[in-house]
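# Residue-level structure breakdown
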Amino acid sequence: MEFAIFFLLIIIYLYVLYKLVKDDYVFIRKNISIEQIFDLAFLALIGGTFFSRLFYFLFSPLKTGNVFFATFSPGIGGFSLIGGVLGGLLTLLVVIRLKKAPLGRLLDFFTLALLCILPIGFLAYSFLQKQPELYLFLLYAVLYFVLALFYFKSLYPKILSKTQKEGNSTLLFLIFFSLASLCTAVINPIKGTITILSIENLVLFVSFLISISLLIQQEKTTKSKKK
């Protein structure tokens with residue numbers, strides 16, 4: 001059942017990405033084809049899957065055995081959404097830079113596609129959970145649905161018209177994602193525990209700080225160019 005949901009989310013993700021980029025004049029002008037963008041999407045999927053497995057074992061280390069060996073063992077453990085999202089975006093960042101493609105714009109479109117499947121994914125997986133995990137998944141589904149509406153109503157038109165600095169939408173998403181994930185990592189509503197120091201919290205805190213720093217830097221650069 002979980003694999004079926006995951007496969008459906010991938011199909012929706014690729015479809016939304018196709019609809020977003022197929023007529024974008026920037027990509028057409030720079031001769032970036034749909035096939036090239038889909039190649040990036042599959043590389044991001046591979047990278048995201050790897051980091052999702054790796055982060056799962058880093059956040060929940062095995063008492064015995066090797067973490068890297070366990071990452072490639074399909075019958076052991078699960079996946080980390082945090083690792084999947086951050087790892088997928090990191091893979092995109094590296095590959096897009098190597099290809100010298102428009103980094104910020106591509107990341108923004110990939111982020112928009114990701115935002116479309118996050119509420120669907122949380123809602124679908126919530127039916128596989130028991131209480132109180134069920135309520136947490138439903139809460140995340142609502143939060144990301146509201147965030148997706150905000151992006152498509154407010155930020156997407158600015159991306160198309162280039163009235164917003166490219167890459168800002170991705171940075172704003174990372175800020176929200178890191179902060180929301182950090183809140184439930186520190187104060188675990190399921191276990192009723194408070195955890196301050198952990199690898200998961202450190203990764204999320206660093207992601208949050210880097211995203212804010214880059215966003216501030218982007219805004220400063222934009223203002224200096226206007227002067």
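In case you missed it, the structure is sitting above this.
Computed from a predicted model, the values in this text were never measured in an experiment. Position labels on residues start from 1 in each chain and follow its written sequence. The predicted nature of this model means local features are confined to residues of pLDDT at least 70 and side-chain atom pairs, given and counted, to a pLDDT of 80 or more, with totals for whole chains, interfaces and linings taken over all residues. The basis for every side-chain value is the complete set of non-hydrogen atoms in the structure, without hydrogens or water.

### Comments concerning the overall build of the protein chain
- Comment: elements are numbered from the N terminus, with helices defined as DSSP H or I runs of at least four residues and strands as E runs of at least two. When helices and strands are tallied, the protein chain shows nine helices and two strands.
- Sequence-ordered secondary structure for the protein chain, helices as α and strands as β, is α-α-α-α-α-α-α-α-β-β-α.
- Note on exposure labels: buried denotes an accessible area under 20% of the residue type's maximum, exposed denotes more than 50%, and partly exposed covers the range between, all computed with a 1.4 Å probe on protein chains only. In the protein chain, which comprises 227 residues, the share counted as buried stands at 42%.
- Each accessible area value is a Shrake-Rupley result obtained with a 1.4 Å probe; residue values ignore everything except the protein chains displayed when judging cover. Carbon and sulfur atoms form 70% of the exposed surface of the protein chain, whose accessible area is close to 13200 Å².

### Considerations on empty space enclosed by the protein
- Here a cavity denotes a set of grid points, spaced 1 Å apart and computed over the protein atoms alone, in which a 1.4 Å probe fits but from which it cannot get out, and a pocket denotes an open set meeting protein on both sides within 12 Å along at least five of seven lines; residues with an atom within 4 Å of a point are reported as lining. Grid points are joined across faces, edges and corners, and a volume is the space filled by probe spheres set on the points. Tallied over the entire structure, the rule returns one cavity of 30 Å³ or more.
- The computed volume of the largest cavity comes to approximately 30 Å³.
- Lining the largest cavity we find Arg105, Asp108, Lys158, Ile159, Lys162, Gln164, Lys165 and Glu166.
- Elements supplying a minimum of two residues to the lining of the largest cavity: helix 6 (103-126) and helix 7 (133-161).
- Charged means Asp, Glu, Lys or Arg here, nonpolar means Ala, Val, Leu, Ile, Met, Phe, Trp, Tyr, Cys or Pro, and polar covers whatever is left, Gly included. Classifying every residue of the lining of the largest cavity by side-chain character gives one nonpolar, one polar and six charged.

### Considerations on the pattern of salt bridges
- Just to be clear on terms, a salt bridge is a Lys or Arg side-chain nitrogen sitting within 4 Å of an Asp or Glu carboxyl oxygen. Here the structure, examined in full by the defined rule, presents four salt bridges.
- Between Lys22 and Asp23 there is a salt bridge, and its shortest N-O distance comes to 2.7 Å.
- By relative accessible area, which is 28% here, Lys22 ends up partly exposed.
- The partner of Arg105 in a salt bridge is Asp24, with the nearest N and O atoms 2.8 Å apart. Highlighted residues: Arg105 in helix 6 and Asp24 in the loop between helix 1 (2-21) and helix 2 (25-29), separated in sequence by 81 residues. Side by side, Arg105 and Asp24 carry an identical accessibility label, which is buried.

### A short note on helix 6
- Here helix 6 is 24 residues long and its end C-alpha atoms lie 34 Å apart, about the 34 Å a rise of 1.5 Å per residue gives.
- Counting buried positions over the 24 residues of helix 6 gives 20, a clear majority of the element. One less than the number of residues in a helix, times 1.5 Å, gives the span that helix is expected to have.

### Overview of the side chain of Ser126
- Tracing the chain through its elements places Ser126 in helix 6.
- What makes Ser126 buried here is its relative accessible area of 0%.
- Apart from residues no more than four positions distant in its own chain, Ser126 is found in contact with Leu134, Phe137 and Leu138. A contact between two residues is defined here by any heavy atoms of the two lying within 4.5 Å.

### Describing the nonpolar core
- Residues enter a nonpolar core if they are buried and are Ala, Val, Leu, Ile, Met, Phe, Trp, Tyr or Cys, with the set joined through side-chain atoms within 4.5 Å. Formed by 55 residues in total, the largest nonpolar core has its most connected members in Ile37, Leu92, Phe109, Phe110, Tyr144 and Phe173.
- Top element by residues in this core is helix 6. It accounts for 13 residues.

### Here we look at the layout of surface pockets
- Of the voids in this model, the second largest pocket is the one considered here, and its volume is about 900 Å³.
- Residue lining of the second largest pocket: 33 residues in total, with Leu93, Leu107, Gly167, Leu171 and Leu214 positioned closest to the centre.
- Looking at the lining of the second largest pocket, the elements that each hand over two or more residues are helix 3 (34-59), helix 5 (81-99), helix 6, helix 8 (168-186) and helix 9 (199-226).
- A total of twelve residues in the lining of the second largest pocket trace back to one element, the largest contributor, which is helix 9.
- Split into classes, the residues belonging to the lining of the second largest pocket amount to 14 nonpolar, 13 polar and six charged.

### Structural notes on the environment of Leu155
- By the secondary structure assignment, Leu155 is in helix 7.
- Separated by 43 residues in sequence, Leu155 and Leu112 place their C-alpha atoms 9.6 Å apart.
- Filtering out sequence-adjacent residues up to four positions away, Leu155 remains in contact with Phe150, Gln164, Ser169 and Leu172.

### What about unusual backbone geometry?
- The backbone of Asn31 shows a phi angle near 60 degrees, a positive value even though the residue is not glycine.
- Its place among the elements puts Asn31 in the loop between helix 2 and helix 3.

### Some details on the packing of aromatic side chains
- Side-chain rings of Phe, Tyr and Trp, where Trp is taken by its six-membered ring, are said to pair if the distance between their centres is within 6.5 Å; with planes under 30 degrees apart they count as stacked, over 60 as edge-to-face, and otherwise as tilted. Inspection of every chain in the model, using the stated rule, returns 13 aromatic pairs.
- With a centroid separation of 6.1 Å and 80 degrees between ring planes, the pair formed by Phe51 and Phe55 is classed as edge-to-face. Highlighted residues: Phe51 and Phe55, both in helix 3, separated by four residues, approximately one helical turn.
- Under the relative-accessibility criterion, Phe51 is labelled partly exposed at 21%.
- Between Phe122 and Tyr144 the ring centres are 5.7 Å apart and the planes differ by 5 degrees, which places this aromatic pair in the stacked class. Of this pair, Phe122 sits in helix 6 while Tyr144 is found in helix 7, placing the two residues 22 residues apart along the sequence. Of the two residues examined, Phe122 and Tyr144, each falls in the buried class.
- Taken together through their ring pairs, the aromatic side chains of Phe122, Phe137, Tyr140, Tyr144 and Phe176 make up a single cluster.
- Both a distance and an angle decide whether a charge sits over a ring: NZ of Lys or CZ of Arg must be within 6 Å of the ring centre and within 35 degrees of the ring normal. Its guanidinium or amino end placed over the ring of Phe79, Arg53 lies 5.5 Å from that ring's centre, counting from NZ or CZ.

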